[in-house]
Amino acid sequence: PTFFQSISLLEEGITDEDETLTKAEIFKSILAILAVFSGFSELLIHLQSRETLLRECLSLLEKLSKYSQPKIASNTTTTPESLVKQSLYGLKEHIMQLIANMLYSNRHNVNLVYEDKTKLVLILNHCRPDMLNPFLTQWAVLAIRNLCQDHRH
């Protein structure tokens, strides 16, 4: 399946069906690869030209936010190993990394986010700690920085 068809597989994977969960894990790996690729300027140019990719990432982040609340450290003993085994570990982080990089020095993509203020609020809402997404806050702050850079509003 294509990247966009895989989004529905991820949503199905949240229902804990073993076969679909495996497909969701494959999708999560592909998303992680795209996030890493977005860190290379020669590849970022091609990713930034995909308006649909940014829209789908924002939509997926919104859906995931409805399914799962941030897991915040508590007094219970949760080991890092048990967190990594959870199917959603790092997923929002990869999505936010991709969004932040797609917004970097790209006025068209920044304007897409500003068109729908709920997307801006969505990014701002991810500026809080989440044990399942250790670097989510940092990527959200970078996305906000990229949204504000050279923007007159």
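Refer to the structure presented above.
Residues numbered from 1 in each chain as written. Predicted model: local features only at pLDDT ≥ 70, side-chain atom pairs only at ≥ 80, totals over all residues. Heavy atoms only, no water.

Here we take up the nonpolar core. The biggest cluster of nonpolar side chains holds 31 residues, and the ones touching the most others in it are I95, L98, I99, L103 and I123. Of all the secondary structure elements, the ones that give two or more residues to this core are α2 (18-37), α4 (51-67), α6 (91-103), α7 (107-115), α8 (117-124) and α9 (136-148). It is α6 that provides the largest number of residues to this core, a total of eight residues. Contacts of I99, omitting those with residues within four sequence positions, involve L54, C57, L58, L61 and I123. (Core = buried A, V, L, I, M, F, W, Y, C linked by side-chain atoms within 4.5 Å. Buried < 20%, exposed > 50% of the residue type's maximum accessible area, 1.4 Å probe, protein only. Helix = DSSP H or I, 4+ residues; strand = E, 2+ residues; numbered from the N terminus. Contact = heavy atoms within 4.5 Å.)

Right, let's get into unusual backbone geometry. Here S105, not a glycine, exhibits a phi torsion of approximately 50°, which is positive. Mapped onto the fold, S105 is located in the loop between α6 and α7. Assessed through its relative accessible area of 54%, S105 is described here as exposed.

Here we take up helix α3 (residues 41-48). Along α3, the residues classified as buried are L44, L47 and Q48. The buried side chains of α3 occupy one side of the element, clustering within an arc of 95° when seen end-on. Structural note: α3 exposes E42, I45 and H46 on the side pointing more than 90 degrees away from its buried face. (Arc of directions from axis to C-beta.)

Another aspect to go through is the pattern of salt bridges. If you walk through the whole model with that rule in mind, you get two salt bridges. The shortest N-O distance in the salt bridge between K119 and E62 comes to 3.0 Å. Pair noted here: K119 is in helix α8 and E62 is in helix α4, with a separation of 57 residues, a long-range link. A residue is classified by how much of its surface remains accessible, and E62, at 29% relative accessible area, is partly exposed. (Salt bridge = Lys/Arg side-chain N within 4 Å of Asp/Glu carboxyl O.)

On to the environment of L91, then. Relative to the helices and strands, L91 is located in helix α6. Given the relative accessible area of 1%, L91 is considered buried. In sequence terms L91 and N133 are 42 residues apart; their C-alpha atoms lie 7.1 Å from each other.

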